[in-house]
Amino acid sequence: MAVLTLDHLEGHLWKAADILRGATDAEIAGVLHRRRAWLFEQTRSMADRMAKSNAVRRFVSGAKIPYRGRLMRLWVEPCDDTLVSVAYRNGFLVGCPRSLSPASHDDLIESALRLWLRKRLRQDVADLVRRHGEPNGLKPKGVRIKDQKHVWGSCGIDRIVTLNWQLVFAPRTVLEYAVVHELSHLRHRNHDRPFWGQVATILPDWETRKAWLDQNEHFLTLRRVEPT
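Summary of the structure given here. Position numbers for residues start from 1 in each chain and track the written sequence from start to end. With pLDDT at 70 or above as the cut-off, local features in this predicted model cover only qualifying residues; side-chain atom pairs require 80 or more to be listed or tallied, and sums for whole chains, interfaces and linings still use all residues. Side-chain numbers come from the whole structure's heavy atoms, not from hydrogens or water.

## As for the pattern of salt bridges
Throughout this description, the term salt bridge denotes a Lys or Arg side-chain nitrogen within 4 Å of a carboxyl oxygen of Asp or Glu. For the coordinates displayed, the defined rule picks out 10 salt bridges. Close ionic contact of Arg98 with Asp80 constitutes a salt bridge, the shortest N to O distance being 2.6 Å. Of the two residues, Arg98 is situated in the loop between strand 5 (92-97) and helix 4 (105-132) and Asp80 in the loop between strand 3 (70-79) and strand 4 (85-88); the sequence distance between them amounts to 18 residues. Considered together, Arg98 and Asp80 belong to a single accessibility category, that of exposed residues. Salt bridges here are not isolated pairs; linked through shared partners, they connect Arg131, Glu176, Asp205 and Arg209. Numbering of helices and strands runs from the N terminus, with a helix taken as a DSSP run of H or I at least four residues long and a strand as a DSSP run of E at least two residues long. For every residue, the accessible area obtained with a 1.4 Å probe (protein chains only) is divided by the maximum for its type, and the residue is called buried under 20%, exposed over 50%, and partly exposed between those limits.

Spelled out as structure tokens, the structure:
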């Protein structure tokens, strides 16, 4: 499952550069001229996606943190502990030690939130693999949660399923689709008719879930921007 990022666009440009290596200036100009509409559209599309992505300026009470397809409120309260703590009760409750320097609050709270989100995704994925894997004869050798730039998930020939940690920002139904998608690759390596048939036997409404993922990939990020 691929995700479009700025790195994707750069990758296309580097590939084009390799192909054009040794070409004359006129030939390069001709290619750029023919592809100018595509380049403009891709650049505009990436700018739109970045503008719509979830940006947090400060990790303070009232900030909105994406989680399972929704933006959830963050509450930060001082505490006497030595480490930043994170809990979830219809929103994120963060305990911030009084002993910490105020200048370090944003970095430490962001780090604690990311760690909590990764752990929660790992638990959710483990639950979904148990529910849909073995009952359908799709048992992976292992499951990994990683920070992947270009894909939402992958399934290696070693039968290791890898999922992008940022799927924690998607609705649980969409995460379920991503898990089933990769589990189905244990039996069908390609995206052919038997593969999609396998997905459909487990999730009859997989197309709706896939469409959400395709249309809302800009939502699946937690991007920190410096206050202006």
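Having seen the model, we can carry on.
## A look at the nonpolar core
In this structure, Phe92, Leu113 and Leu167 are the most contacted members of the largest nonpolar core, which totals 49 residues. With 9 residues, helix 4 is the largest single contributor of residues to this core. Discounting chain neighbours no more than four positions away, the residues touching Phe92 are Ile65, Tyr67, Met72, Arg73, Leu74, Trp75, Val86, Ala87, Leu113, Trp116 and Leu117. Only buried residues count toward a nonpolar core. Its members are Ala, Val, Leu, Ile, Met, Phe, Trp, Tyr and Cys residues joined through side-chain atoms within 4.5 Å. The contact criterion used is simple: two residues touch if any of their non-hydrogen atoms lie within 4.5 Å.

## Notes on the environment of Val94
As for its position among the elements, Val94 is in strand 5. Sequence separation between Val94 and Phe59 is 35 residues, and the spatial gap between their C-alpha atoms is 9.7 Å.

## Observations concerning the packing of aromatic side chains
Ring pairs are drawn from Phe, Tyr and Trp, using the six-membered ring of Trp, whenever the two centres fall within 6.5 Å, and their geometry is named by plane angle: stacked under 30 degrees, edge-to-face over 60, tilted for the rest. This structure, assessed with the given rule, holds 10 aromatic pairs. When the ring of Tyr67 is compared with that of Trp116, the centres are 5.7 Å apart and the planes differ by 65 degrees; the resulting orientation is edge-to-face. Taken together, the positions of Tyr67 in strand 2 (residues 64-67) and Trp116 in helix 4 put the pair 49 residues apart, joining distant regions of the chain. For the pair Tyr67 and Trp116, one class covers both residues: buried.

## Quick word on unusual backbone geometry
Phi at Arg68 takes a positive value of approximately 50 degrees, unusual for a residue other than glycine. Checked against the element boundaries, Arg68 lands in the loop between strand 2 and strand 3. Here Arg159, not a glycine, exhibits a phi torsion of approximately 65 degrees, which is positive. A residue is classified by how much of its surface remains accessible, and Arg159, at 34% relative accessible area, is partly exposed.

## Topic: the sheet that holds strand 8 (residues 160-164)
Criterion used throughout: strands pair if DSSP finds at least two bridges between them. Within the open sheet, the 3 strands sit side by side as 6-8-7. Their pairing is mixed. Pairing within the sheet leaves two strands with one partner each, and these edge strands are strand 6 (142-146) and strand 7 (153-155). Averaged over all pairs of adjacent strands, the angle between strand axes in this sheet comes to 15 degrees, irrespective of strand direction. Pairing geometry for strand 7 and strand 8, over 3 bridges, is antiparallel. Pairing of Ser154 across the sheet is with Thr162, part of strand 8. Angles shown run from 0 to 180 degrees and are taken between the N-to-C directions of axes, each axis being a line fitted to C-alpha atoms and, for helices, limited to the stretch in contact.

## As for the sheet that holds strand 4
Spatially, 2-3-5-4 is the arrangement adopted by the 4 strands of the open sheet, whose pairing is mixed. For this open sheet the edge positions go to strand 2 and strand 4, each flanked by a neighbour on one side alone. Sheet twist, expressed as the average angle between the axes of neighbouring strands with direction ignored, equals 35 degrees. Bridge count for strand 3 against strand 5 is 6 bridges, and the pairing is parallel. Across the sheet, Glu77 pairs through a bridge with Gly95, a residue of strand 5. Across the sheet, helix 4 is in contact with strand 2, strand 3, strand 4 and strand 5; its angle to strand 5 comes to roughly 135 degrees.

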